[in-house]
Amino acid sequence: MILLQQQNQLAKVIETNHYTEKFGLVLSEQDAQLLLKERVTSLQEQKRVEFGEGILPKIIYEFCDSSYIDQNNYVDTLIQLQDIFYLYKNEMLDEISDDELLHFMKEQFEEVCFGDLDYLSGTCLNIFAQAIRAGYGGYQSSLGYGEYSQFDEVTRWDYELYLAALNNAR
């Protein structure tokens, strides 16, 4: 039974190649086996149990179009994203759905972190998890999109403001 479940999970991960290859991302069978092995390790470290195909295919579909992921860093990035996902499911006390968390992660990865997984985990998700533990629930209506700006503690560079200042200086 367990062997059959592992084969199903492997097939689901390999099946993602049909979609991701248009972004130049393909997993070999060895890559998929490594990802599933790392999944077990991550679940054990976070003391979580997962049924069914797991979160990995959803992570793949959510992040495959990222401008910060290429074939060279694909597997390593997926391993780290999987670890981050399980860590923050715990940190957010399972209050947030898988899809809401994935949407939030992807949006910050692209727009705030510019592909920096350490910043995603150590700053963006940490701040958001604190808000959720304190009772924030606004992410439910937005499905996790557009949430970080109200918690962001870093003043961002504003291109429009820069252009206006440059024009005023003339």
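Refer to the structure above for everything that follows.
As the structure is a computational prediction, the values presented were derived from the model and not from experiment.

Draft legend 1. Layout of the overall build of the protein chain. What the protein chain contains, in helices and strands, is 9 helices and 0 strands. Starting at the N terminus and walking to the C terminus, you meet the elements of the protein chain as α-α-α-α-α-α-α-α-α. Judged by the C-alpha coordinates and their principal axes, the protein chain covers about 70 × 40 × 25 Å. Taking all 170 residues of the protein chain together, 42% fall into the buried category. Counting every atom, the protein chain has about 9700 Å² of accessible surface; 51% of that belongs to carbon and sulfur.

Draft legend 2. Seen up close, helix H3 (residues 29-45). With 17 residues, H3 should cover 24 Å at 1.5 Å per step; its first-to-last C-alpha distance of 24 Å lies within 8% of that length. All buried positions along H3 are accounted for by Ala32, Leu35, Leu36, Arg39, Ser42 and Leu43. The arc that holds every buried residue of H3, seen down its axis, measures 120°, which confines them to one face. Exposed side chains of H3 directed beyond 90 degrees from the buried face belong to Gln30, Lys37, Gln44 and Glu45. Two residues or fewer after H3 comes Lys47, characterised by a positive phi angle close to 55°.

Draft legend 3. Seen up close, the pattern of salt bridges. Following the criterion strictly, the structure yields 7 salt bridges and no others. Close ionic contact of Arg39 with Glu50 constitutes a salt bridge, the shortest N to O distance being 2.8 Å. In this pair, Arg39 is assigned in helix H3 and Glu50 in the loop between H3 and helix H4 (56-63), connecting sequence segments 11 residues apart. Across the salt bridge formed by Asp94 and Arg48, the nearest N and O atoms sit 2.9 Å from each other. Residue Asp94 is located in the loop between helix H5 (74-91) and helix H6 (98-111), and its partner Arg48 is located in the loop between H3 and H4; the two are separated by 46 residues in the primary sequence. Overall, the relative accessible area of 41% leaves Asp94 in the partly exposed class. One network of salt bridges, in which partners are shared, links Arg48, Lys89, Asp94 and Asp98.

Draft legend 4. Expanded view of the side chain of Asn17. Its place among the elements puts Asn17 in helix H2 (residues 17-20). Residues within four places of Asn17 in sequence aside, it is in contact with Leu25, Val26 and Leu27.

Draft legend 5. Just H6, in detail. In this model H6 runs 20 Å from its N-terminal to its C-terminal C-alpha over 14 residues, within 8% of the 20 Å that 1.5 Å per residue would give. Within H6, 11 of the 14 residues are buried, which leaves it mostly tucked inside the rest of the structure. For H6, every residue scored as buried is listed here: Glu100, Leu101, Leu102, His103, Phe104, Met105, Lys106, Glu107, Gln108, Phe109 and Glu110. Summarising the contacts, the buried residues of H6 are in contact with H4, H5, helix H7 (117-133) and helix H8 (139-142).

Draft legend 6. Inspection of the nonpolar core at higher detail. Membership of the largest hydrophobic core comes to 45 residues, with the highest contact counts inside it found for Met92, Met105, Leu120 and Leu125. Broken down by secondary-structure element, the contributors of at least two residues to this core are helix H1 (2-15), H3, H4, H5, H6 and H7. Beyond its immediate stretch of four places on either side in the chain, Met105 contacts Phe63, Leu81, Ile84, Phe85, Leu120 and Leu125.

Draft legend 7. Fine view of a nonpolar patch on the surface. There is a patch of nonpolar side chains on the surface, built from Tyr19, Phe23 and Tyr61 and spanning about 270 Å² of accessible area. Looking at where Tyr61 falls in the secondary structure, it is placed in helix H4. Judged by relative accessible area, which is 37%, Tyr61 ranks as partly exposed.

Quick notes on the rules
- Here the residue index of a chain counts from 1 through its sequence in written order.
- Local features in a predicted model are, by the rule used here, given only for residues with pLDDT of at least 70; side-chain atom pairs are given and counted only at 80 or more, and totals for whole chains, interfaces and linings are based on all residues.
- As a rule here, side-chain values come from all non-hydrogen atoms in the structure, and water together with hydrogens is ignored.
- Labels follow the DSSP assignment, with helices taken as runs of H or I lasting at least four residues and strands as runs of E lasting at least two, numbered in each case from the N terminus.
- Here's how the labels work: a residue is buried when its accessible area is under 20% of the maximum for its type, exposed when over 50%, partly exposed in between, all with a 1.4 Å probe on protein chains only.
- Note on areas: Shrake-Rupley with a 1.4 Å probe; residue coverage comes only from the protein chains shown.
- To estimate how far a helix should reach, multiply one less than its number of residues by 1.5 Å.
- Summarising the geometry, the arc corresponds to the directions from the helix axis toward the C-beta atoms.
- What counts as a salt bridge is simple: a side-chain nitrogen of Lys or Arg found within 4 Å of a carboxyl oxygen of Asp or Glu.
- Pairs of residues are marked as contacts when any of their non-hydrogen atoms sit within 4.5 Å.
- Each nonpolar core is a collection of buried residues, namely Ala, Val, Leu, Ile, Met, Phe, Trp, Tyr and Cys, held together in the definition by side-chain atoms within 4.5 Å.
- Patch membership needs two things, relative accessible area over 30% and no salt bridge, and members are linked within 9 Å if like-charged or within 5 Å if nonpolar (Val, Leu, Ile, Met, Phe, Trp, Tyr).

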